[in-house]
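Chain and residue survey
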Amino acid sequence: MSPLEQELRSIIRDPGRIHPDKPLSRHTTFRLGGPADFLIEVADRRELSGVLVLAQRESQPVYILGRGSNLLVSDEGVRGIVLSLGGEFDAFAIDDTRVRAGGGYDLPKLATKVGKMGLGGIEFACAIPGTVGAGLMINAGAHGGDMSQVVSSAVVVWPDGSEQQLSPEEIGFGYRTSKLQSTSALVVEVVMDLHHADLATIEAHMKHHLERRRATQPLNMPNAGSVFKNPPGDYAGRLIEQAGLKGLTEGGAQVSEKHANFIVNLGDASARDVLVLMDRVRLLVQERFGVRLEPEVRIWGPNPYFTA
Ligand SMILES: Cc1cc2nc3c(=O)[nH]c(=O)nc-3n(C[C@H](O)[C@H](O)[C@H](O)COP(=O)(O)OP(=O)(O)OC[C@H]3O[C@@H](n4cnc5c(N)ncnc54)[C@H](O)[C@@H]3O)c2cc1C
């Protein structure tokens, strides 16, 4: 056992939550990507800050993983420590219309659970297959709603292990982004103000959202949602489709026939295949329409194929 693993064992109560050399392909919805030196599930703030302080002292890069639904991990994987939020971070509490959720809690599960209790406002999230923490970080949204509309505050932990409560202004929400994205903040708690709503109306909204998803997205094949952000006033999917790129294939990766802004893993795609395909799509769209698409999917690890 390496000295680093020994130290990690003194911080993480259950060694079963420390996974050395862990392939991340099973932890991303693309179902691809190489290993992390360590994948560690932290259960509380003491463990989290302990690992962060150790990583800082040992100059180990730290990543945080949610459901891996907006993530492309390189074939070489990532060096350093990948954290996932379990235990106290995977829970929520309700006080009237105020919902306090851990950063590791499943966002669609939260939308469904609070919806059944008659709380509306996050129906839009019922089909966004990520965590609350990542949802805050990228201002996840759909069907005209997004996190910025409901969040009243959040708690983040910085790489030195310190904690800070942030207001919506400090979070700095933008379209599928927040100011936090350019920082190393880890989102451990999000407070949302919802409203009492009619149960049947909430259910009808969610049913509508889920049916639209099934009709328009390639949910039967591994993917990571929208690959590119929508450019101002337009849709990335429209531009890619109009450029005739549906079905374009590189190795095991393909521009979805069903939704042009999705790339699907046909079964044996490598991260390289996806990145090369993203580069070709961006180039061909730029040549045809003069619009440079920005990636929405986050890329981890070495990537000589696509300049983000
Ligand atoms: C079929 C499908 C449909 C989708 N539809 C939508 C949609 O309608 N709208 C939409 O916005 N997105 C959509 N997505 C993309 C994705 O679900 C969201 O971006 C989601 O918020 C990502 O959450 P995650 O937990 O999977 O994050 P990951 O993919 O695990 O991580 C994404 C990024 O967030 C960071 N991160 C994760 N957790 C934290 C944390 N606690 N604190 C700080 N940073 C963190 C990671 O380090 C990484 O950089 C879709 C994806 C799929 C596969």
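Residues numbered from 1 in each chain as written. Predicted model: local features only at pLDDT ≥ 70, side-chain atom pairs only at ≥ 80, totals over all residues. Heavy atoms only, no water.

Turning next to helix H6 (residues 199–216). Residues three or four positions apart in an α-helix share a direction because the helix packs 3.6 residues into each turn. Its 18 residues give H6 an end-to-end C-alpha distance of 26 Å, which sits within 8% of 26 Å, the value for a rise of 1.5 Å per residue. Among all positions of H6, only Ile202, Met206, His209 and Arg213 are buried. Buried positions in H6, seen along its axis, are confined to an arc of 60° and lie on one side of it. Looking at H6, the residues exposed on the side facing more than 90 degrees away from the buried face are Lys207, Arg214 and Ala215. (Helix = DSSP H or I, 4+ residues; strand = E, 2+ residues; numbered from the N terminus. Expected span 1.5 Å × (residues − 1). Buried < 20%, exposed > 50% of the residue type's maximum accessible area, 1.4 Å probe, protein only. Arc of directions from axis to C-beta.)

Further remarks concern the sheet that holds strand S18 (residues 253–255). Taken together, three strands build an open sheet; the order of strands is S17-S18-S19 and the sheet is antiparallel. For this open sheet the edge positions go to strand S17 (249–250) and strand S19 (263–265), each flanked by a neighbour on one side alone. Looking at chain direction, S18 and S19 are connected through three bridges and run antiparallel. Each bridged residue has a counterpart across the sheet, and for Gln254 the counterpart in S19 is Val264. (Pairing = 2+ DSSP bridges.)

Locating Arg176 in the fold gives a position in the loop between strand S13 (173–174) and strand S14 (177–178). As a buried residue without a salt bridge, Arg176 has its nearest oppositely charged side chain in Glu296, at a separation of 4.4 Å. Within the local environment of Arg176, its side chain forms a polar contact with the backbone oxygen of Gly141, the two atoms lying 3.0 Å apart. Beyond its immediate chain neighbours, meaning those up to four positions away, Arg176 contacts Ile138, Asn139, Ala140, Gly141, Ala142, Asp146, Gln181, Lys229 and Glu296. (Lys, Arg positive; Asp, Glu negative; His and termini not counted. Salt bridge = Lys/Arg side-chain N within 4 Å of Asp/Glu carboxyl O. Polar contact = N/O pair within 3.5 Å; in protein donor to acceptor, adjacent residues only side chain to side chain. Contact = heavy atoms within 4.5 Å.)

The next point concerns the site of the ligand. Lining the immediate surroundings of the ligand are 34 residues, of which Ile64, Gly66, Ser69, Thr131 and Gly141 lie closest. Gly66 is positioned with one of its backbone polar atoms (N or O) 2.7 Å from an oxygen atom of the ligand. Contacts to the ligand include Val187, whose backbone N or O atom sits 2.8 Å from a nitrogen atom. Burial of the ligand by the protein amounts to 93% of the accessible area it has alone, namely 970 Å². Mapped onto the shell around the ligand, the elements with two or more residues apiece are strand S3 (62–65), helix H4 (132–137), strand S9 (141–142), strand S15 (186–193) and strand S20 (298–300). Tallying contributions element by element places H4 first for the shell around the ligand, with four residues. In terms of residue class, the shell around the ligand is built from 17 nonpolar, 13 polar and four charged. When residues of the shell around the ligand are assigned to domains, at least three fall in each of domain 1 (3–87) and domain 2 (91–215). (Near = heavy atom within 4 Å. Areas by Shrake-Rupley, 256 points an atom, 1.4 Å probe, with all protein chains shown as cover. Nonpolar A, V, L, I, M, F, W, Y, C, P; charged D, E, K, R; others polar. Domains from an automatic or database assignment.)

Everything listed here is a matter of coordinates, which is why it stays silent on function.
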